[in-house]
Amino acid sequence: MNIHFICVGQRMPRWVQEGYTEYAKRMPSECALRLTEITPGRRGKGADIARALRDEGERMLAAIPKSCQVLALDVEGKSWNTEQLSKKLSGWMADGRNLALLVGGPEGLSESCLQQADGHWSLSALTLPHPLVRVVVAEQLYRAWSLLKNHPYHRA
């Protein structure tokens, strides 16, 4: 299974790239993590934010490979502890389809992305900076996998 991590934003700070890469490379080929960066819409003075959000959503939906299960990262989604995420990962791997995780920009995900998603996942009730979400998701997926495989990384 491939996990397609589709995120709005490019040119992340070095610490984000290094943190994400560290955990992505630890993931085994049986659930490889693949990052797709979506060009953010124009923001700033006089920008049409609704249009930027809509355009980002269209680019995100176009980036989802065929037959993927789609999960939107959204504050309104379900939150899981590590053991629950590990069980979810096991189910996704057994399902036989690839998984697409969608992470929006500063305003979140477009309505079209939220509607297209098969499920919604909330990392926290807190608002997290989107660059940090990349590192947190990669680490948590690796931790969930390590729990499935009785790897010593997860020591709960």
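Residues numbered from 1 in each chain as written. Predicted model: local features only at pLDDT ≥ 70, side-chain atom pairs only at ≥ 80, totals over all residues. Heavy atoms only, no water.

## Some thoughts on helix 5 (residues 130-148)
Filter applied, for reference: Helix and strand definitions follow DSSP, with helices as H or I runs of at least four residues and strands as E runs of at least two, each counted in order from the N terminus. Here a helix's expected span is defined as the number of its residues, less one, multiplied by 1.5 Å.
The terminal C-alpha atoms of helix 5 lie 27 Å apart, and with 19 residues this matches the ideal 27 Å at 1.5 Å per residue to within 8%. The positive-phi residue at the C-terminal boundary of helix 5 is N150, with phi of around 55 degrees.

## Quick notes on the pairing of strand 3 (residues 69-78)
This is how it is decided: Only protein chains enter the accessibility calculation, which uses a 1.4 Å probe; a residue is then buried when its area is under 20% of its type maximum, exposed when over 50%, and partly exposed in between. Note: two strands are recorded as paired if DSSP finds a minimum of 2 bridges between them. Orient the strands so they point away from the viewer, and a crossover whose first-strand-to-second-strand path over the helix runs clockwise is right-handed.
Burial within strand 3 is extensive, with seven of its ten residues counted as buried. Pairing geometry for strand 3 and strand 4 (residues 99-103), over four bridges, is parallel. Paired with V70 across the two strands is A100, which belongs to strand 4. Handedness of the crossover joining strand 3 and strand 4 through helix 3 (residues 82-95): right-handed.

## Details of the pattern of salt bridges
Pairing between side chains of opposite charge can happen when the charged atoms of each approach one another. Rules: A pair is scored as a salt bridge if a Lys or Arg side-chain nitrogen falls within 4 Å of a carboxyl oxygen belonging to Asp or Glu.
By the definition in use, this model includes eight salt bridges. A salt bridge links D95 to R97; the shortest N-O distance between them is 2.7 Å. Judged by relative accessible area, which is 38%, D95 ranks as partly exposed.

## Some remarks on the confidence of the model for the protein chain
Rules: The pLDDT score gives, residue by residue, the confidence of the prediction method on a 0 to 100 scale.
In the predicted model, the protein chain carries a mean pLDDT of 93, and 98% of its residues have values of at least 70. When pLDDT is averaged over each helix and strand of the protein chain, the minimum, 93, is found for helix 2 (residues 49-63) and the maximum, 98, for strand 4.

## As for the environment of W92
How we decide: The contact criterion used is simple: two residues touch if any of their non-hydrogen atoms lie within 4.5 Å.
Here W92 shows up in helix 3. A residue is classified by how much of its surface remains accessible, and W92, at 8% relative accessible area, is buried. Put simply, W92 and M12 are 80 residues apart on the chain and 28 Å apart in space, counted from C-alpha to C-alpha. Non-local contacts of W92, meaning those with residues more than four positions away in its chain, are made with M1, Q69, L71, W80, L85, R97 and L99.

## A word on the nonpolar core
For the record, the criterion: What makes a nonpolar core is a set of buried Ala, Val, Leu, Ile, Met, Phe, Trp, Tyr and Cys residues whose side-chain atoms join them at distances within 4.5 Å.
Grouped together as the largest cluster of nonpolar side chains are 28 residues, with contacts concentrated most on I3, L33 and L101. Sort the elements by how many residues they give to this core and helix 5 lands first, with seven residues. Leaving out residues up to four positions away in the same chain, L101 has contacts with I3, H4, F5, I6, L71, L73, W121, V137 and L141.

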